[in-house]
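Here is what each chain is made of, one letter per residue.
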Amino acid sequence: MKRNRLLSNIVKYVVLIVILVFLLFPLFWVLMTSFKSNMEAYKFPPTFIPENPTIQSYIDLFTKNNEFFIYYRNNFIVAGGAAALTTFIAIMAGYALSRFHFRWNGWIVACFTSAQMFPVVSRLISLYKILGDVHLINTRLGVVLAITASMLPFTIMLMSSFYDGIPVELEEAARVDGAGRLQILFKVVAPLIKPGMLAVGIYAFLLSWDDYLHAATLIQTDALRTLSAGVALRYLGELSYDWSLVNTISIVGTLPMVILFFLFQKYMVKGLVAGAVKG
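In this text the structure is predicted, and so the values were computed from the model without any measurement. (Residues numbered from 1 in each chain as written. Predicted model: local features only at pLDDT ≥ 70, side-chain atom pairs only at ≥ 80, totals over all residues. Heavy atoms only, no water.)

Describe in detail the packing of aromatic side chains, supporting the description with residues and values.
A complete count under the given rule lists 15 aromatic pairs for this structure. Pairing Phe25 with Phe28 gives two aromatic rings, centres 6.2 Å apart and planes at 35°, and the pair type is tilted. Taken together, the residues span about one helical turn, with Phe25 and Phe28 both in helix α1 (residues 2-34) at a distance of three residues. Judged by its relative accessible area of 37%, Phe25 falls in the partly exposed class. Ring centres of Phe25 and Phe48 lie 6.2 Å apart, and the angle between their planes is 55°; on these two criteria the pair is classed as tilted. Of this pair, Phe25 sits in helix α1 while Phe48 is found in the loop between α2 (38-41) and α3 (56-64), placing the two residues 23 residues apart along the sequence. For Phe48, a relative accessible area of 48% gives the class partly exposed. Three or more aromatic residues joined by ring pairs form one cluster here, namely Phe62, Phe68, Phe69, Tyr72, Phe76, Phe205 and Trp209. Residue placement shows Lys12 over the ring face of Tyr13; its charged tip is 5.4 Å from the ring centre. (Phe/Tyr/Trp six-rings, centres within 6.5 Å; stacked < 30°, edge-to-face > 60°. Helix = DSSP H or I, 4+ residues; strand = E, 2+ residues; numbered from the N terminus. Buried < 20%, exposed > 50% of the residue type's maximum accessible area, 1.4 Å probe, protein only. Lys NZ or Arg CZ within 6 Å of the ring centre and 35° of its normal.)

Encoded structure:
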């Protein structure tokens, strides 16, 4: 019995290690390539560990590529704005969806669910037309609104599931004491769903940070481009790439997400899991 259990644990850990290596190998390859010269990056067969490690690409990135930091700043502005707006709307709309029950609730949930089945590219033409009519093409605000709209169905349903786990009796007691609806929401209910708010905010920031299609379609001015679109259009040439520099950019661009994930990992997982099983 003990032998079977030991064998089962060994197999389980071997499978987990294989999956982990498979998932982390691309990151390892990008990191190693960032420390190679561009000539070594093109070498065949490729070297897994740099033969002559160099940080020249990092030096060039911070001294010769001012455009990168413009894209970096724009990415923070767009991702931060989209995350804040998405979280605020999800808090309000999720509360309404959870507490106000009427005959169209089922249809609203069905629309939100079906909206997740369509790829972003399928709605870019209509989105471009709508934003063009209100003169928001080639603006950071237009990109923020477009990204926010794409994330709202999921985040609203997620927040609604958190509200479903809060007893209605708490709100009824606050209403007896004379509290209004907004006071109940922000002073009574909101403190109880902080993990959900944090999960929605981090989720929205992560998705906004990696967005490419919205930024590439809605922005034409180089000074307004975000990181994904800017790197793709400026650093990836038609005939050859500076792979060392491109991978260096990838590492530096990924750092904020890695730091954010490790700082808030337990809160994000707790929030997403709790929201998935409530209600």
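Give a detailed account of the nonpolar core, specifying residues and quantitative values.
One finds Phe68, Leu131, Phe205, Trp209, Leu227, Tyr235 and Ile249 to be the most contacted residues of the largest nonpolar core, which totals 36 residues. Counting only elements with at least two residues in this core, the list comes to α3, α4 (66-99), α6 (124-133), α7 (140-164), α10 (194-209), α12 (227-234) and α13 (243-277). The residues touching Tyr235, leaving out its near neighbours within four places in the chain, are Asn65, Glu67, Phe68, Tyr71, Gly230, Leu245, Val246 and Ile249. Of all hydrophobic cores here, the second largest spans 17 residues; its members include Leu97, Met159, Ile166 and Ile193. (Core = buried A, V, L, I, M, F, W, Y, C linked by side-chain atoms within 4.5 Å. Contact = heavy atoms within 4.5 Å.)

An account of the environment of Phe205 is needed here, citing residue identities and associated values.
Relative to the elements of secondary structure, Phe205 occurs in helix α10. What makes Phe205 buried here is its relative accessible area of 16%. Those residues in contact with Phe205 that lie beyond four places of it in its chain are Phe76, Ala79, Gly80, Ala83, Met257 and Leu260.

Give me unusual backbone geometry: which residues, what numbers.
Pro45 follows Phe44 through a cis peptide bond whose omega is 0°. Turning to its location among the elements, Pro45 is positioned in the loop between α2 and α3. With a phi angle near 60°, His135 is a residue other than glycine that sits in the positive phi range. For His135, the location among the structural elements is in the loop between α6 and α7. With a relative accessible area of 68%, His135 lands in the exposed category. Positive phi, normally seen in glycine, also occurs at Asn138, with a value near 65°. Given a relative accessible area of 21%, Asn138 falls into the partly exposed group.

Run through α10, naming residues and quoting values.
Along an α-helix, residues three or four positions apart point the same way, because every turn accommodates 3.6 residues. Its 16 residues place the ends of α10 22 Å apart at the C-alpha level, agreeing with the 22 Å of an ideal helix rising 1.5 Å per residue. When α10 is considered as a whole, its buried residues turn out to be Gly196, Ala199, Val200, Gly201, Ile202, Tyr203, Ala204, Phe205, Leu206, Ser208 and Trp209. (Expected span 1.5 Å × (residues − 1).)

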